Amino acid sequence: MYYIIVNPASKSGRGAKIWAEIQPILEQQKIAYKVFFSREAGHVIRLTADLSASLLNADADFILKLIVLGGDGTLNEVLQGISDFERVQIGYIPTGSSNDMARDLGLPKAPGKVLKNILCCKEPVLMDLGRLTYEQPPEQLSRSCVSDPITTRFFSVSSGIGFDAAVCEEALASKFKNVLNKIGLGKLTYLGIALKQLIKAKKVTCTITLDDDKQIHLPKFLFVACMIHQYEGGGFKFCPGADSCDGLIDICAVGNIPKWLILLALPTAFAGKHYRFNGIDHYTARKVAVETSMPLWVHTDGEVTMKCCSVTLSCEQQKIQFLL
């Protein structure tokens, strides 16, 4: 039995269209399944939590097999609802705007082929799970978040604080994004918002502590991206070479660099060439603590819930079971 969670609104309705494409395949192959449709932000978390809770009354060897149709954000909500990762296996059919997880995994473009691989998978692939902890009370909830404040969130692709999270937060609330998504130009939303956020960014200082030992001080901090996979933000290869099963967080730290130079550096990040610029540095660690001089937006897999000035990120090695 497969339990399928569909975000029909992902990429302005593309999720519903892809579900209509793969449902006949399930019927033709007589695959046993139950499908659930998300209705609002946070609903996927509740759906997953209910399914995960059913494991308490199931046989000890029962494995919950989930198939997720949505973007990286939908997959992120699924992670928040899982209570026992050892008894849950996840298949992922990307239908979002960014699809950075799918990009890094090299998933087929055709949803039917992705589904076929999921159904044929006998041995799940183990991947790292990131954990973000807010060390200080949040300043405010995001415009896109309707749930209560929380202190911990999981992530599978990346988490960041500062500029990249501010772009995500504004994009999530942007009505213009939906219009551009419908004509295949959704990435222009991020470009316009990125320029706006870069211009209005205030001077912030930041201290990064790696594995409770090494400290890096950034007097002109812009953002820190903590990555499990190579890509975030719809194709920015911020951490080329990041290994999703090595138990390490790859870190792209941007600071001590003029704003005008950022405009030149960002396009090179699509090819992972941005480390040639002074002020953009790469680190790895199992645990990362970030403290900023003022509260900034924080994201997990592009989902933004609150502002904070002190967060800790850690990596749980090979915790997620993916059906690929």
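Just so you know, these numbers come straight off a predicted model, no measurement behind them.

(A) Geometry of the overall build of the protein. Each helix and strand in the protein was counted, giving nine helices and 14 strands. By the burial criterion, 55% of the 324 residues in the protein qualify as buried. Entry remark: accessible area of the protein is about 14,600 Å², with carbon and sulfur atoms responsible for 53%.

(B) Focus on the pairing of strand E8 (residues 206-210). Counting buried residues along E8, four of its five residues qualify, which places the element largely inside the surrounding structure. The sheet contact formed by E8 and strand E9 (residues 214-218) spans five bridges and is antiparallel. Bridge pairing links Cys206 to Leu218 in E9. Hairpin connection of E8 to E9: three residues between the antiparallel strands, including Asp211 at a positive phi of 50 degrees. Bridge analysis of E8 against strand E13 (residues 287-300) gives five bridges, and the strand direction is antiparallel. Paired with Cys206 across the two strands is Thr292, which belongs to E13.

(C) Structural view of the packing of helix H2 (residues 43-53) against helix H3 (residues 72-81). As a packed pair, H2 and H3 sit with axes 7 Å apart at the nearest point and diverge in direction by 40 degrees. It follows that H2 is oblique to H3 by the angle criterion. In this structure, H2 meets H3 at a crossing whose hand is right-handed. Residue-level inspection shows His43, Val44, Ile45, Thr48, Ala49 and Ser52 of H2 in contact with H3, the latter providing Thr74, Glu77, Val78, Gln80 and Gly81. Taken together, the residues that form the contact of H2 with H3 break down as four nonpolar, six polar and one charged.

(D) A look at unusual backbone geometry. In this model, Lys30 sits at a positive phi of 55 degrees, which is unusual for a non-glycine residue. By secondary structure assignment, the location of Lys30 is in the loop between helix H1 (10-28) and strand E2 (33-37). The class for Lys30 is exposed, based on a relative accessible area of 76%. Although it is not a glycine, Asp212 adopts a positive phi angle of roughly 60 degrees. Counting through the fold element by element, Asp212 comes out in the loop between E8 and E9.

(E) Structural detail: the pattern of salt bridges. Counted under the stated rule, the structure contains six salt bridges. Between Glu316 and Arg131 there is a salt bridge whose closest N-O contact spans 2.8 Å. Of this pair, Glu316 sits in strand E14 (residues 303-323) while Arg131 sits in strand E5 (residues 125-134), and the two are 185 residues apart along the sequence.

(F) Just the environment of Leu126, in detail. For Leu126, the location among the structural elements is in strand E5. You can call Leu126 partly exposed: its relative accessible area is 34%. Excluding its chain neighbours within four sequence positions, the residues that come into contact with Leu126 are Cys245, Gln318, Ile320 and Gln321.

Cut-offs applied
Residues numbered from 1 in each chain as written. Predicted model: local features only at pLDDT ≥ 70, side-chain atom pairs only at ≥ 80, totals over all residues. Heavy atoms only, no water. Helix = DSSP H or I, 4+ residues; strand = E, 2+ residues; numbered from the N terminus. Buried < 20%, exposed > 50% of the residue type's maximum accessible area, 1.4 Å probe, protein only. Areas by Shrake-Rupley, 256 points an atom, 1.4 Å probe, with all protein chains shown as cover. Pairing = 2+ DSSP bridges. Axes fitted to C-alpha atoms, helices over the stretch in contact; angles between N-to-C directions. Parallel < 35°, antiparallel > 145°, perpendicular 65-115°, else oblique. Left-handed = near helix turned anticlockwise from the far one by under 90°. Contact = heavy atoms within 4.5 Å. Nonpolar A, V, L, I, M, F, W, Y, C, P; charged D, E, K, R; others polar. Salt bridge = Lys/Arg side-chain N within 4 Å of Asp/Glu carboxyl O.

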